[in-house]
Amino acid sequence: MDTPLPPLKPEFLAMLAKGVSLMLASVDHRLNPSVMRAVGSRIEDGGRRVTAYVGRTQSRQLLADIATSGRLAAVFSQPSTHLTLQLKSRRIHLREPRPDDWPHIERYRRSMEEELAVLGFAPVYVQALLAHAPDDLVAVEFEPDEAYDQTPGAQAGSPLLAQ
């Protein structure tokens, strides 16, 4: 696909803007998967531009797979409701974090603390889960080509279009 998706449905945009659990995945040349938890996200232009932040040291295989395959899947899931969205992209750019990224990373941590507190987890759990060295982060920018509702139930796997 040469053009980005139209804006996502409001319920998914609200979930993404809030900041929820985010896992990134790619594959190597043999289609072996690599997966890593992001420590932050930034959503722009109605979900047509997304930036995820991962630790370089922990994500070496994922970053190598993105660089060689040019493929990325990002799964956003709200732990308290299981509302889940998968975005796929072949338009990915890796870069160093900029000063304007840090507020998004901090907002993501606070949101995850709030989200997991509902499930009985203390903030220290989220702090450990999302621990990272600031100078080790990589920003993974992408423009989604595909979007799928992955919320458990009858609609799981259904392609999404804007409304």
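Above this text you will find the structure in question.
Definitions and limits used
- Residues numbered from 1 in each chain as written.
- Predicted model: local features only at pLDDT ≥ 70, side-chain atom pairs only at ≥ 80, totals over all residues.
- Heavy atoms only, no water.
- Helix = DSSP H or I, 4+ residues; strand = E, 2+ residues; numbered from the N terminus.
- Rg over C-alpha atoms; globule rule 2.2 N^0.38 Å.
- Buried < 20%, exposed > 50% of the residue type's maximum accessible area, 1.4 Å probe, protein only.
- Lys, Arg positive; Asp, Glu negative; His and termini not counted.
- Salt bridge = Lys/Arg side-chain N within 4 Å of Asp/Glu carboxyl O.
- Polar contact = N/O pair within 3.5 Å; in protein donor to acceptor, adjacent residues only side chain to side chain.
- Core = buried A, V, L, I, M, F, W, Y, C linked by side-chain atoms within 4.5 Å.
- Contact = heavy atoms within 4.5 Å.

## Regarding the overall build of the protein chain
(1) Moving on: On a plain count of helices and strands, the protein chain comes out with four helices and 10 strands.
(2) Moving on: Going from N to C terminus, the protein chain has its helices and strands arranged as α-β-β-β-β-α-β-β-β-α-α-β-β-β.
(3) Moving on: Computed over the C-alpha atoms, the radius of gyration of the protein chain is 15 Å, within 12% of the 15 Å expected from 2.2 N^0.38 for a compact globule of 163 residues.
(4) Moving on: Counting only C-alpha atoms and orienting by the principal axes, one finds that the protein chain spans roughly 40 × 35 × 30 Å.

## Re unusual backbone geometry
(1) Moving on: With a phi angle near 70°, L31 is a residue other than glycine that sits in the positive phi range.
(2) Moving on: With respect to the element layout, L31 can be found in the loop between β1 (21–27) and β2 (33–37).
(3) Moving on: Even without being a glycine, D45 presents a positive backbone phi close to 55°.
(4) Moving on: Locating D45 in the fold gives a position in the loop between β3 (40–44) and β4 (49–55).
(5) Moving on: Since its relative accessible area comes to 38%, D45 is described here as partly exposed.

## Digging into the side chain of D28
(1) Moving on: Tracing the sequence through the fold places D28 in the loop between β1 and β2.
(2) Moving on: One buried charged residue, D28, forms no salt bridge at all, with the nearest opposite charge on R30 at 6.4 Å.
(3) Moving on: Polar side-chain contacts of D28 include one of 2.8 Å to the backbone nitrogen of R30.
(4) Moving on: Of the polar contacts made by the side chain of D28, one reaches the backbone nitrogen of N32; its length is 2.8 Å.

## Re the nonpolar core
(1) Moving on: Core analysis: the largest hydrophobic core is formed by 35 residues, its most contacted members being L22, L24, V54, F76, L85 and L87.
(2) Moving on: Contributions of two or more residues to this core are made by α1 (10–18), β1, β4, α2 (60–69), β5 (72–77), β6 (84–89), α3 (102–117) and β8 (137–142).
(3) Moving on: With five residues, the top contributor of residues to this core is β8.
(4) Moving on: The residues contacting L22, other than those within four sequence positions of it, are M36, R37, A38, G40, S41, A52, A74, V75, F76 and Y108.

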